[in-house]
Amino acid sequence: MKPIRQGDVILLPVQQIEGQKIPHLILAEGEVTGHKHRITEGKAELYEKDSTFYLRVFSESALLAHEEHKAICIPQGDWMVKIQREYEPEGWRYVAD
């Protein structure tokens, strides 16, 4: 499986999920608009360990939605959720959505 990107969120395939299950499917919230990257269809669970989210998709696929981006299908499997960073002369910063 290849990494999947939606805006500033990138999902990286992992071999194993770690952490404690959390009761929602919001992968990230926009800092300015409050819009959310969230799973809206399919069977999935979200876990958190050391401030990192992990997504497990049980169904054949799950739909990742966001108000400003086209919804994308996430295939069945285990994923690490990361916020992308970019380099500027002042240093690294998180990509703002």
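Peer 1: Break down the overall build of the chain for me, citing the residues and quoting the values.
Peer 2: Each helix and strand counted, the chain has 0 helices and 10 strands in total. When the elements of the chain are put in sequence order from the N terminus, they spell out β-β-β-β-β-β-β-β-β-β. Relative to its 97 residues, the chain shows a buried fraction of 38%. In the chain, the share of contacts with a sequence separation of at least 24, taken over all contacts with a separation of at least 6, comes to 54%. Approximately 6,200 Å² of the chain is accessible, and the part contributed by carbon and sulfur atoms is 48%.

Peer 1: Lay out unusual backbone geometry with the relevant residues and their values.
Peer 2: In this model, Asp-50 sits at a positive phi of 50 degrees, which is unusual for a non-glycine residue. Along the polypeptide, Asp-50 turns up in the loop between β6 (44-49) and β7 (52-66). On the basis of relative accessibility, which here comes to 66%, the residue Asp-50 falls in the exposed class. Its identity as a non-glycine residue notwithstanding, Ser-51 has a phi of 65 degrees, on the positive side.

Peer 1: An account of the pairing of β6 is requested, with residue identities and associated values reported.
Peer 2: Bridging between strand β3 (residues 20-22) and β6 involves 3 bridges; their strand directions are antiparallel. Looking at the pairing, Ile-22 lines up with Leu-46 of β6. As defined by bridge partners, β6 adjoins β7 across 6 bridges and the pair is classed as antiparallel. Within the sheet, the bridge partner assigned to Glu-45 lies in β7 and is Arg-56. The antiparallel hairpin formed by β6 and β7 contains 2 residues in its connecting segment, where Asp-50 sits at a positive phi of about 50 degrees.

Peer 1: Help me get a handle on the side chain of Asp-8, residues and values and all.
Peer 2: Inspection of the secondary structure assignment puts Asp-8 in the loop between β1 (4-6) and β2 (9-13). With no salt bridge to any partner, buried Asp-8 finds its closest opposite charge in Arg-5, at an N-O distance of 7.6 Å. Polar contacts involving the side chain of Asp-8 include one to the side chain of His-37, which spans 3.2 Å.

Thresholds applied
- Residues numbered from 1 in each chain as written.
- Predicted model: local features only at pLDDT ≥ 70, side-chain atom pairs only at ≥ 80, totals over all residues.
- Heavy atoms only, no water.
- Helix = DSSP H or I, 4+ residues; strand = E, 2+ residues; numbered from the N terminus.
- Buried < 20%, exposed > 50% of the residue type's maximum accessible area, 1.4 Å probe, protein only.
- Contact = heavy atoms within 4.5 Å.
- Areas by Shrake-Rupley, 256 points an atom, 1.4 Å probe, with all protein chains shown as cover.
- Pairing = 2+ DSSP bridges.
- Lys, Arg positive; Asp, Glu negative; His and termini not counted.
- Salt bridge = Lys/Arg side-chain N within 4 Å of Asp/Glu carboxyl O.
- Polar contact = N/O pair within 3.5 Å; in protein donor to acceptor, adjacent residues only side chain to side chain.

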